[in-house]
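If you want the building blocks of each chain, they are given just below.
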Amino acid sequence: MYLPVHYVGNPVFDTDYRAGDGQSLRDQYDLGERPIVSIFFGSRPSEIARLAAPFADAIELLRMEFPDLAFISPVSNSVSKIVLGKAGEDLRLQEVIFLPEDRKIDTMAASRVALACSGTMTTQLASAGVPTVVAYKLAGLTYFAAKRLFKPDYISIVNIAADALLMPEFIQDDVTGEVLAEAVATYLCDPAQEKSAARALLDQTDKMRGEGGKASDRAALAIIDILAEGLSL
């Protein structure tokens, strides 16, 4: 007795993350041709709590090196109070233009680089071809246990699938403002590297998307096949 298994793909690829209107975002906020760094704090309160300070440190350092930078952060309703609360506590985060989550794809289209908490968001950014610096911090005890039980080469799905560091990753004690700012600045200072990273991310996510329509459509077809096989028995 066994259960049939069908891989139908990742539903994150059902959305076209390359369809954003970056110019409308620039026009709305009078950003002109200023380079934009998008900031994604995470979707869980614990992620925001651990990353807010190092992200603020990075923003401060980047502002000093690139005075014309604009920082934009689309935030979901579920965590908007927490994120805005952190901005109220740390004035450096008030450099950031906070937007509703429904402007996420437009933000991607306008961004030269992103600084993001590890998670589904990094796959979405990769699908949009946005060079991304990835950060993640766990509670100390959780990290101690996880480090001994789970030892992957990478934490981002796109990097794991590519078996290559297409997006630089920083974990735990490596998540500092200095380290994050330097990684973001690498792309801002080198347009050729920025373009190369964007191309590599687009190529990799195209491979991961595969063929045959949306994951939801493939799931429905797989269920129909299973049901048809069962009825024929």
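Quick note: structure is the one above.
The notes below deal with the structure included here. Because the structure is a prediction, the values reported are computed rather than measured.

Let's shift gears to the sheet that holds strand β5 (residues 132-136). Strands pair in a sheet through their backbones, by hydrogen bonds, and they do so in one of two ways: parallel or antiparallel. Reading across from one edge, β3-β2-β1-β4-β5-β6 is the order of the six strands in this open sheet, with parallel pairing throughout. Bordering the open sheet on either side are β3 (96-100) and β6 (169-171), each of which pairs with just one other strand. Sheet twist, expressed as the mean angle between neighbouring strand axes with direction ignored, is 20°. In terms of strand pairing, β5 meets β6 through three bridges, oriented parallel.

Backbone geometry at Asp30 places phi at a positive 50°, although glycine is not the residue there. You can see Asp30 is positioned in the loop between α1 (22-28) and β1 (36-40). One non-glycine residue with positive phi stands out, namely Gln172, at about 55°. Relative to the helices and strands, Gln172 is located in the loop between β6 and α8 (177-189).

Along an α-helix, residues three or four apart share an orientation, since each turn contains 3.6 residues. Between the first and last C-alpha of helix α9 (residues 191-209) there are 27 Å, a value that for 19 residues agrees with the 27 Å anticipated at 1.5 Å per step. Glu194, Ala197, Ala198, Leu201, Leu202, Gln204, Thr205 and Met208 are the residues of α9 that are buried. Just downstream of α9 lies Gly210, where phi reads positive at about 70°.

With that settled, the discussion passes to the packing of aromatic side chains. Two measures describe an aromatic ring pair: the distance that separates the ring centres and the angle between the ring planes. The final tally for this structure, using the stated rule, is two aromatic pairs. Taking the centre distance of 5.7 Å and the plane angle of 45° together, the rings of Phe41 and Phe55 count as tilted. With Phe41 in the loop between β1 and α2 (45-65) and Phe55 in helix α2, the pair connects residues that are 14 residues apart, well separated along the chain. Taken individually, Phe41 and Phe55 each receive the classification buried, so the pair is uniform in this respect. Aromatic rings pair up to connect Phe41, Phe55 and Phe98 into one cluster.

Here we take up the packing of α2 against α8. Where α2 contacts α8, the axes come no closer than 8 Å and their chain directions differ by 45°. Classified by the interaxial angle, the pair formed by α2 and α8 is oblique. The way α2 lies across α8 gives a crossing that is right-handed. On α8, the residues that touch Pro54, Phe55, Asp57, Ala58, Leu61, Leu62 and Glu65 of α2 are Gly177, Glu178, Leu180, Ala181, Val184, Ala185, Leu188 and Cys189. Its residues placed into classes, the contact of α2 with α8 shows eleven nonpolar, one polar and three charged.

With that out of the way, let us pick up the pattern of salt bridges. Any two side chains of opposite charge can pair if their charged atoms end up close together. A complete count under the given rule lists 13 salt bridges for this structure. For the salt bridge of Arg92 with Asp90, the shortest nitrogen-to-oxygen distance reads 2.8 Å. The exposure class assigned to Asp90 is buried, which follows from its relative accessible area of 18%. Between Lys104 and Glu101 there is a salt bridge, and its shortest N-O distance comes to 3.9 Å. Salt bridges sharing common partners tie together Asp57, Glu60, Asp90 and Arg92.

The rules behind each value
Residues numbered from 1 in each chain as written. Predicted model: local features only at pLDDT ≥ 70, side-chain atom pairs only at ≥ 80, totals over all residues. Heavy atoms only, no water. Pairing = 2+ DSSP bridges. Helix = DSSP H or I, 4+ residues; strand = E, 2+ residues; numbered from the N terminus. Axes fitted to C-alpha atoms, helices over the stretch in contact; angles between N-to-C directions. Expected span 1.5 Å × (residues − 1). Buried < 20%, exposed > 50% of the residue type's maximum accessible area, 1.4 Å probe, protein only. Phe/Tyr/Trp six-rings, centres within 6.5 Å; stacked < 30°, edge-to-face > 60°. Parallel < 35°, antiparallel > 145°, perpendicular 65-115°, else oblique. Left-handed = near helix turned anticlockwise from the far one by under 90°. Contact = heavy atoms within 4.5 Å. Nonpolar A, V, L, I, M, F, W, Y, C, P; charged D, E, K, R; others polar. Salt bridge = Lys/Arg side-chain N within 4 Å of Asp/Glu carboxyl O.

In short, shape yes, function no, at least from these values alone.
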